[in-house]
Amino acid sequence: MKMRTCGFHYRHEKMEPAVGFASRLARLNGRPLRYFLAEMGIPTRGLEQADEKAVRAVAQRGGTNENDLLRYTPVRSPEGKRFIVGGETFDVRSIHRTFFRFCPHCVQEDLETYEGPAIARPWLRLGWILAPIRSCPKHNVLLVRTNPKRQRYQYFDFSRTLDAYRTELEYLAKDARLMPSSSFQDWLLARLRGDANERTWLDDVPAYAAIAFCEGLGVSALHPPKVKTGQLTEGDWAAAAETGFLIARDGENSIRSQLQKLNDVHVNTKGVLGLRDTYGHVYDVLRRTIDDPGYEKLRDTVR
């Protein structure tokens, strides 16, 4: 039986995942997400696991296209080790499922743009739950991290969590750390939208491998070989991803030129000339994924 559409609903925004759309729909109709799902006959576990039936049910209740909502909702890959979203494959660690980040400027604009309860106006951008997206491509500021209250087998309630920051938005927007536009982020988001205009050497590499390689190559280019990556900040990782992408997008000659620079630095040092000591974090990335065919093109070039 086809579900009836709720009397109050917003349009589905481009690249808005189901968890955000469902939370917004629930609050627009005056209900917390948990109770809304139960009353609509949609299992909370189904939404948390991005079960196709649950996502389609949310789309029907919200009066939007089911396939559009599914496309931008991270779902487990068949083998269960990765997530697929927007036709691209991501590592599990690249999808934030217990928290999200947000741009205070975007939230302020949403509050001014939409009608209805203030709690339901802001919408969840897909980039806010993707780890490699660290800044807002529109406002060029570092995203603010949230710490939602989450219960077992349930996704965070996006609208409720974000509403707690409403009184602080002006301060957060004014205090947001500036972060310039990133070619790496623009390229990744264009891949997700399926509208990439400029071809790069990385386009035929799976997204999860391209992300890890760009970050690894960037860390090697910007930091000493034995840098403790656990101490790098979000700003450090953003700079590394951008640096690595600008090197890798032009292909083999550009990558080899960077590796030669690392050789030149290390050849004049004392001690053992080891691969790890010369190439740093990018070597670690490729060593850990030696059996993954997704890295084959990258591994062959460095080898």
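Cut-offs applied
Going along each chain's sequence as written, the residues are numbered from 1 onward. Reporting in this predicted model follows two pLDDT cut-offs: at least 70 for local features of residues, and 80 or more for side-chain atom pairs to be given and counted; totals over whole chains, interfaces and linings ignore these cut-offs and use all residues. Hydrogens and water are ignored here; the side-chain numbers use all heavy atoms of the structure. Put simply, a salt bridge is a Lys or Arg side-chain nitrogen that is within 4 Å of an Asp or Glu carboxyl oxygen. The rule is simple: take the accessible area with a 1.4 Å probe, protein chains only, and divide by the maximum for that residue type; under 20% is buried, over 50% is exposed, in between is partly exposed. Whether two strands pair depends on DSSP finding at least two bridges between them. Secondary structure follows DSSP: runs of H or I at least 4 residues long count as helices, runs of E at least 2 residues long count as strands, and numbering of each begins at the N terminus. In protein, a polar contact means a hydrogen-donor-capable atom and an acceptor-capable atom, both N or O and within 3.5 Å, with residues adjacent in sequence counting only if both atoms are side-chain atoms; elsewhere, any N or O pair within 3.5 Å suffices. By convention, a stacked pair of Phe, Tyr or Trp rings (six-membered ring in the case of Trp) has centres within 6.5 Å and planes under 30 degrees apart, an edge-to-face pair has planes over 60 apart, and any other such pair is tilted. In our convention, an over-ring charge means Lys NZ or Arg CZ found within 6 Å of a ring centre and within 35 degrees of that ring's normal. Contact definition: two residues touch when any of their heavy atoms are within 4.5 Å.

(A) Structural view of the pattern of salt bridges. Within this structure, the stated rule accounts for 24 salt bridges. Notably, a salt bridge pairs Glu-13 with Arg-11, separated by 3.3 Å at the nearest N-O pair. A residue is classified by how much of its surface remains accessible, and Arg-11, at 55% relative accessible area, is exposed. Residues Arg-199 and Asp-203 are paired through a salt bridge, measuring 3.6 Å at the closest nitrogen-oxygen approach. Classification of Arg-199 by relative accessible area gives exposed; the value is 69%.

(B) The sheet that holds strand E2 (residues 82-85), seen in detail. If you walk across this open sheet you meet the 3 strands as E1-E2-E3, and the pairing is antiparallel. Taken across any chain shown, the strands that pair with only one partner, and hence form the sheet edges, are strand E1 (75-76) and strand E3 (88-91). Bridge analysis of E1 against E2 gives 2 bridges, and the strand direction is antiparallel. Residue pairing across strands places Val-75 opposite Ile-84, the latter belonging to E2.

(C) Structural detail: the side chain of Arg-97. Take Arg-97: it is sitting in the loop between E3 and strand E4 (101-102). With a relative accessible area of 16%, Arg-97 lands in the buried category. From its side chain, Arg-97 meets the backbone oxygen of Glu-48 in a polar contact 2.7 Å long.

(D) Broad picture of the packing of aromatic side chains. Inspection of the entire model under this criterion finds 8 aromatic pairs. Ring centres 5.1 Å apart and planes at 45° place the aromatic pair Phe-100 and Phe-156 in the tilted group. Linking Phe-100 in the loop between E3 and E4 with Phe-156 in the loop between strand E5 (144-145) and helix H7 (158-163), this pair joins segments that are 56 residues apart in sequence. Here the aromatic residues Phe-100, Phe-156 and Phe-158 are joined through ring pairs into a cluster of three or more. The ring of Trp-201 has Lys-297 sitting right over it, with the charged end atom 4.3 Å from the ring centre.

(E) A look at helix H14 (residues 281-288). Taken as a whole, H14 has its buried residues at His-281, Val-282, Asp-284, Val-285 and Leu-286. Considering only its buried residues, H14 is in contact with helix H10 (207-222), helix H11 (234-248), helix H13 (275-279) and helix H15 (296-302).

(F) Local environment of the pairing of E3. As judged from the 4 bridges shared by E2 and E3, these two strands associate in the antiparallel manner. Bridge pairing links Arg-82 to Asp-91 in E3. A loop of 2 residues connects E2 with E3, the two strands running antiparallel in sequence, and Gly-86 in this loop sits at a positive phi of about 60°.

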